[in-house]
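Below are the chains, spelled out letter by letter.
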Amino acid sequence: MSKILVLGGAGYIGSHTVYELLDEGFEVVVADNLETGHRQAVHPGAALCVGDIRDKAFLDGLFRRERVDAVIHFAAYSLVGESMADPLKYYANNVGGTQVLLSSMVANGVDKLVFSSTAAAYGEPKRIPIEEGDPAEPTNTYGATKLAVEQMFKWTALAHGLRYVALRYFNACGAHPSGHIGEDHSPETHLIPIVLQTANGTRPEIEIFGTDYPTKDGSCVRDYVHVCDLAQAHVKAVRYLFAGGENSVFNLGNGVGFTVREVIRAAEEVVGHKIPAVYAGRRRGDPAALVASGSRAKTVLGWEPHYESIHTILETAWRWHRARPNGFDEDR
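Here's what I pulled together on the structure shown here.

Cut-offs used in this document
What you see as residue numbers is a count from 1 along each chain, following the sequence as written. Local features are withheld for residues below a pLDDT of 70 in this predicted model, meaning they are given only at 70 or higher, and side-chain atom pairs are given and counted only at 80 or more; totals for whole chains, interfaces and linings count all residues. The basis for every side-chain value is the complete set of non-hydrogen atoms in the structure, without hydrogens or water. Residues belong to a common nonpolar core when they are buried Ala, Val, Leu, Ile, Met, Phe, Trp, Tyr or Cys residues joined through side-chain atoms within 4.5 Å. Buried residues are those whose accessible area, probed at 1.4 Å on protein chains only, stays under 20% of the maximum for their type, while exposed residues exceed 50% and partly exposed ones sit between those limits. Secondary structure elements follow DSSP: runs of H or I of four or more residues count as helices, runs of E of two or more count as strands, with numbering from the N terminus. What makes two residues a contact is simply this: any of their non-hydrogen atoms within 4.5 Å. If DSSP finds at least two bridges between two strands, the strands pair. Angles here are taken between N-to-C directions and fall from 0 to 180 degrees, while the axes themselves are lines fitted to C-alpha atoms, restricted in helices to the stretch in contact. Here the aromatic set is Phe, Tyr and Trp, taking the six-membered ring for Trp, and pairing holds for ring centres within 6.5 Å; pairs whose planes are under 30 degrees apart are stacked, those over 60 apart are edge-to-face, and all others are tilted. A ring is considered to have a charge above it if a Lys NZ or an Arg CZ atom is located within 6 Å of its centre and within 35 degrees of its normal. Here, a salt bridge means any Lys or Arg side-chain nitrogen found within 4 Å of an Asp or Glu carboxyl oxygen.

## Focus: the nonpolar core
Nonpolar side chains in soluble globular proteins generally cluster together in the buried interior.
Piece 1. Residues Leu167 and Ile192 are the most contacted members of the largest nonpolar core, which totals 62 residues.
Piece 2. With nine residues, helix 7 (residues 227–242) is the largest single contributor of residues to this core.
Piece 3. Those residues in contact with Ile192, other than ones at most four positions away along the chain, are Cys173, Tyr224, Val263, Ile310, Ile313, Leu314 and Ala317.
Piece 4. Ile53, Val71, Leu101 and Phe115 belong to the second-largest nonpolar core, a separate cluster that totals 29 residues.

## A few points about the sheet that holds strand 3 (residues 47–50)
Piece 1. Ordered in space as 3-2-1-4-5-6-10, the seven strands form an open sheet in which the pairing is parallel. Single-partner strands in this sheet number two, and they are strand 3 and strand 10 (248–252). In this sheet, neighbouring strand axes are inclined to one another by 20 degrees on average, regardless of whether the strands run parallel or antiparallel.
Piece 2. In terms of strand pairing, strand 6 (residues 163–169) meets strand 10 through five bridges, oriented parallel. Residue pairing in the sheet places Arg168 in a bridge with Asn251 of strand 10.

## Examining the packing of aromatic side chains
Piece 1. Here the structure, examined in full by the defined rule, presents five aromatic pairs.
Piece 2. Residues Tyr77 and Tyr90 carry aromatic rings whose centres are separated by 5.6 Å and whose planes lie at 50 degrees to one another, so their mutual orientation is tilted. A residue pair is termed long-range when its members are at least 10 positions apart, and Tyr77 in the loop between strand 4 (70–73) and helix 3 (80–85) and Tyr90 in helix 4 (residues 87–107) qualify at 13 residues. For the pair shown, Tyr77 and Tyr90 are each scored as buried.
Piece 3. With a centroid separation of 5.4 Å and 40 degrees between ring planes, the pair formed by Phe153 and Tyr164 is classed as tilted. In this pair, Phe153 sits in helix 5 (residues 141–160) while Tyr164 sits in strand 6, placing the two residues eleven residues apart along the sequence.
Piece 4. A residue is classified by how much of its surface remains accessible, and Tyr164, at 10% relative accessible area, is buried.
Piece 5. Here the aromatic cluster, defined as three or more aromatic residues joined through ring pairs, consists of Phe115, Phe153 and Tyr164.
Piece 6. The lysine or arginine in question, Lys89, covers the ring of Tyr77, its NZ or CZ lying 4.6 Å from the ring centre.
Piece 7. Across the ring face of Tyr122, the terminal group of Arg168 is positioned such that the distance to the ring centre comes to 4.8 Å.

## With respect to the pattern of salt bridges
Piece 1. Enumeration according to the criterion identifies 16 salt bridges in this entry.
Piece 2. Across the salt bridge formed by Arg127 and Glu131, the nearest N and O atoms sit 3.1 Å from each other.
Piece 3. Judged by its relative accessible area of 42%, Arg127 is partly exposed.
Piece 4. Look at Glu131 and you get partly exposed, because its relative accessible area is 36%.
Piece 5. Here Glu268 and Lys274 are joined by a salt bridge, their closest N and O atoms 3.6 Å apart.

Quick look at the structure:
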């Protein structure tokens, strides 16, 4: 049985990937500093080690003790607005932390890595849908740090034989069908949870940032991909590396874009009532449209999204938010 180390495995996408790995028969070790993750989100079948990827002594001890076969790396700051206000924080953690991780992997003979990257690496796309070979010109610090990490992998692979897959995914959303885990960030900046928090009364309204984009209704267009589909892709990427697959970058998306207003309307249909919305100005660093071409992941990894309907995605998220209006912190 192969053992996988999941960095950031107490976070949103990381915790869902842990569930998928365990379902697929892997042994799983989670490392998380719990700064933004939740201890309750970690599957009881996974071992949890609390520590930080910027701490090389912690990582070295972890690798010596656990003898893992591969790493899946989710540990990063991911708020676009915060990244623009405090870029050095993002470079120190996202880039500096990954440099420490790679140093420890090289020192301990661990050579397989699947990385949680982002569509923000592309910036304002030249065409839709976006393909992996399209120009990567980030418009925010968060995307720039993820792209810098991908470049670090390239040179580490040449020097030390690192084998890696970077998964550039688009807007993660939804919740595990069991209802045991879902999306819970503080602060919350993702559209779908904010819409559903407004629907269940924990927020007074949803702000629509920007109404003058060159889109069908003036609001931003995004490609929404279910978190369980993303989790499955990480497992397939691990198997791809075990099978000798080449170092590569893959987009993960449904290939369909929805505007902010369309998502709100679909959410109203799912919850059965109107959701109050107000209009605000554009946010710095937000491209008008991000829609993926996921054909390469489908061809090479054999990945197929199972949640293609925005209504189905919203239904899984609504089940979580309705049952846990305060997320993992029931006392909040």
